[in-house]
Amino acid sequence: MANFTRREFLQTGLAAGTLAVSGSLPLIAQRGSATDMITLGRSGVKVTRLAFGTGTVSGQVQRELGQDGFTRLVRYAYDRGIRFFETSESYDEMHRMLGIALKGIPRDSYQLMSKVTTRDGVNPQQKFDELRRLANTEYFDIMLLHWQHTATWPADTARWQDAILEIQSRKVVLSHGASVHGLPALRRVPGNNWLQVAMIRMNHTGKSMDAEDYATQGPGKVAEVVTHVQEVRKQGMGVISMKLAGEGSYDREDRRKAMRFALRNAGVDCVTVGYKSPAEVDEAIENLNLALA
């Protein structure tokens, strides 16, 4: 890929990819399994439907396992077939801990996603290099602009978008997108040609989902969120959903319902779940397989 600026990227056909103009994508998941490799829309990146998340209570749950316990859990998930691992700059220590946990596993056998905080006064290139060093990786498969929660985020993050395109041209990242919080931010996702991947909160009751106030303690507007997810899927964007466990508030039955709702009603591509034990990995695999059945 040539060294494109964000404006050039949007003006060329590269942003649209080949999927966005080919008609709508299926909104109900096809039968398969949690560990099937699926393509995230026009990003071209293939990941397992189920991801290993490292941000439970901003990573506190994973950090409390200690490095040895966390490494065993990552290796267990890998052995069960999960090949998609995700973390964030805001999850203290998790880039480093994940890099240690994955050390020695062939890099081309799994996908790694990071999320960067788009602060003012920070050099994006230096930040990307720092995250790569911490994670002990030459590249990230996906880089997201983290925690976009205002209606003006597409303009506010322009320099970060340009910086991601620059490192993507050098294959330091392979695809890009954003994680959004709150309806004002989410409403700017449909029709956004820069985005290849969107990370969106999703469950069946609206717990910790998007509302007018991104930090609301009440339920989010499930129907509107689903509508936006289906819009962007039709446009060829890959969608990863989070908050499948209602920030840890759901029992097992509700976790099953949330998984089914995300895959079959909303039609997301894949989901990420945070774990603290092998039993939770097994349950998430089972829940996703049931949702696809």
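Residues numbered from 1 in each chain as written. Predicted model: local features only at pLDDT ≥ 70, side-chain atom pairs only at ≥ 80, totals over all residues. Heavy atoms only, no water.

### Section: the overall build of the chain
Consideration 1: When helices and strands are tallied, the chain shows 11 helices and 10 strands.
Consideration 2: The buried share among the 293 residues of the chain stands at 53%.
Consideration 3: When contacts within the chain are restricted to residue pairs at least 6 apart in sequence, long-range pairs at least 24 apart make up 76% of them.
Consideration 4: Within the structure as shown, the chain displays about 12,300 Å² of accessible surface, and the carbon and sulfur contribution to it stands at 49%. (Helix = DSSP H or I, 4+ residues; strand = E, 2+ residues; numbered from the N terminus. Buried < 20%, exposed > 50% of the residue type's maximum accessible area, 1.4 Å probe, protein only. Contact = heavy atoms within 4.5 Å. Areas by Shrake-Rupley, 256 points an atom, 1.4 Å probe, with all protein chains shown as cover.)

### Re helix 11 (residues 278-292)
Consideration 1: Helix length check: helix 11, at 15 residues, gives a terminal C-alpha distance of 21 Å against a target of 21 Å (1.5 Å per residue), a fit within 8%.
Consideration 2: Of all the residues in helix 11, the buried ones are Val281, Glu283, Ala284, Ile285, Asn287, Leu288, Ala291 and Leu292.
Consideration 3: Packed against the buried residues of helix 11 are strand 3 (50-53), helix 3 (66-79), helix 10 (252-266) and strand 10 (270-274). (Expected span 1.5 Å × (residues − 1).)

### Considering the nonpolar core
Consideration 1: Formed by 71 residues in total, the largest nonpolar core has its most connected members in Leu50, Phe52, Phe85, Val189, Met202, Val271 and Tyr275.
Consideration 2: When near neighbours in sequence (up to four residues on either side) are disregarded, Leu50 contacts Ala34, Ile82, Phe84, Val271, Val273, Tyr275, Ala284, Ile285 and Leu288.
Consideration 3: Grouped together as the second largest cluster of nonpolar side chains are 14 residues, Val45, Met113, Ile142 and Leu144 included. (Core = buried A, V, L, I, M, F, W, Y, C linked by side-chain atoms within 4.5 Å.)

### A look at the packing of helix 9 (residues 222-234) against helix 10
Consideration 1: Contact geometry of helix 9 with helix 10 gives a least axis separation of 10 Å together with a crossing angle of 50 degrees. When the interaxial angle is binned, helix 9 and helix 10 end up oblique. Counting all contacts with helix 9, which are made through Val222, Val226, Val229 and Gln230, the residues of helix 10 involved are Phe261, Asn265 and Ala266. (Axes fitted to C-alpha atoms, helices over the stretch in contact; angles between N-to-C directions. Parallel < 35°, antiparallel > 145°, perpendicular 65-115°, else oblique.)

### As for the sheet that holds strand 3
Consideration 1: Spatially, the eight strands close up into a barrel ordered 3-4-5-6-7-8-9-10, and their pairing is parallel. Put simply, the sheet's adjacent strands are angled 25 degrees from each other on average, direction ignored. (Pairing = 2+ DSSP bridges.)

### Examining the pattern of salt bridges
Consideration 1: Using the criterion set out here, one finds 20 salt bridges in the structure.
Consideration 2: One salt bridge connects Glu93 with Arg96, and the closest N-O pair in it is separated by 2.6 Å.
Consideration 3: A relative accessible area of 44% places Glu93 in the partly exposed class.
Consideration 4: Glu212 is paired through a salt bridge with Arg187; the nearest N and O atoms lie 2.6 Å apart. Taken together, the residues Glu212 in the loop between strand 8 (197-201) and helix 9 and Arg187 in the loop between helix 8 (183-186) and strand 8 connect sequence positions 25 residues apart.
Consideration 5: A relative accessible area of 35% places Arg187 in the partly exposed class.
Consideration 6: Connected through salt bridges with shared partners, the residues Glu89, Arg119, Lys127 and Glu130 form a single ionic network. (Salt bridge = Lys/Arg side-chain N within 4 Å of Asp/Glu carboxyl O.)

### As for the layout of surface pockets
Consideration 1: Put simply, the largest pocket is a space of about 1,200 Å³.
Consideration 2: Contributing to the lining of the largest pocket are 42 residues, with Gly55, Thr56, Val57, Lys243 and Glu247 lying nearest its centre.
Consideration 3: Those elements that place two or more of their residues in the lining of the largest pocket are strand 6 (142-148), strand 8, helix 10, strand 10 and helix 11.
Consideration 4: It is helix 11 that provides the largest number of residues to the lining of the largest pocket, a total of four residues. (1 Å grid on protein atoms, 1.4 Å probe; cavity = no way out; pocket = protein on both sides within 12 Å on 5 of 7 lines; lining within 4 Å. Points joined across faces, edges and corners; volume = space filled by probe spheres on them.)

### Remarks on unusual backbone geometry
Consideration 1: Unusually for a residue other than glycine, Glu93 sits at a positive phi of about 75 degrees.
Consideration 2: Its identity is not glycine, yet Trp147 carries a phi of approximately 55 degrees, on the positive side.

### As for the confidence of the model for the chain
Consideration 1: Of all residues in the chain, 89% attain a pLDDT of 70 or more, and the chain-wide mean is 92.
Consideration 2: Throughout residues 15-29 the model reports pLDDT below 50, and contacts reaching past four residues in sequence, or to other chains, amount to 31 contacts. (pLDDT = per-residue confidence, 0-100.)

### Details of the packing of aromatic side chains
Consideration 1: Evaluated as defined, the whole model comprises six aromatic pairs.
Consideration 2: Aromatic pair Phe85 and Tyr110: ring centres 6.0 Å apart, planes at 85 degrees, arrangement edge-to-face. Remark: Tyr110 occurs in the loop between helix 4 (94-102) and strand 5 (111-117) and Phe85 occurs in strand 4 (residues 84-86); sequence separation between them is 25 residues.
Consideration 3: Their ring planes at 85 degrees and their centres at 6.0 Å tell us that Phe128 and Trp160 sit as a pair that is edge-to-face. Of the two residues, Phe128 sits in helix 5 (residues 124-135) while Trp160 sits in helix 7 (residues 158-169), which places them 32 residues apart along the sequence. Trp160 carries the same exposure label as Phe128, and that label is buried.
Consideration 4: Through pairs of rings, three or more aromatic residues link up here, namely Phe52, Phe70, Phe85, Tyr110 and Tyr275.
Consideration 5: Here Arg83 stacks its cationic end above the ring of Tyr78, 3.7 Å away from the centre of that ring.
Consideration 6: One cation-aromatic arrangement involves Arg107 over Tyr139; the distance from NZ or CZ to the ring centre is 4.0 Å. (Phe/Tyr/Trp six-rings, centres within 6.5 Å; stacked < 30°, edge-to-face > 60°. Lys NZ or Arg CZ within 6 Å of the ring centre and 35° of its normal.)

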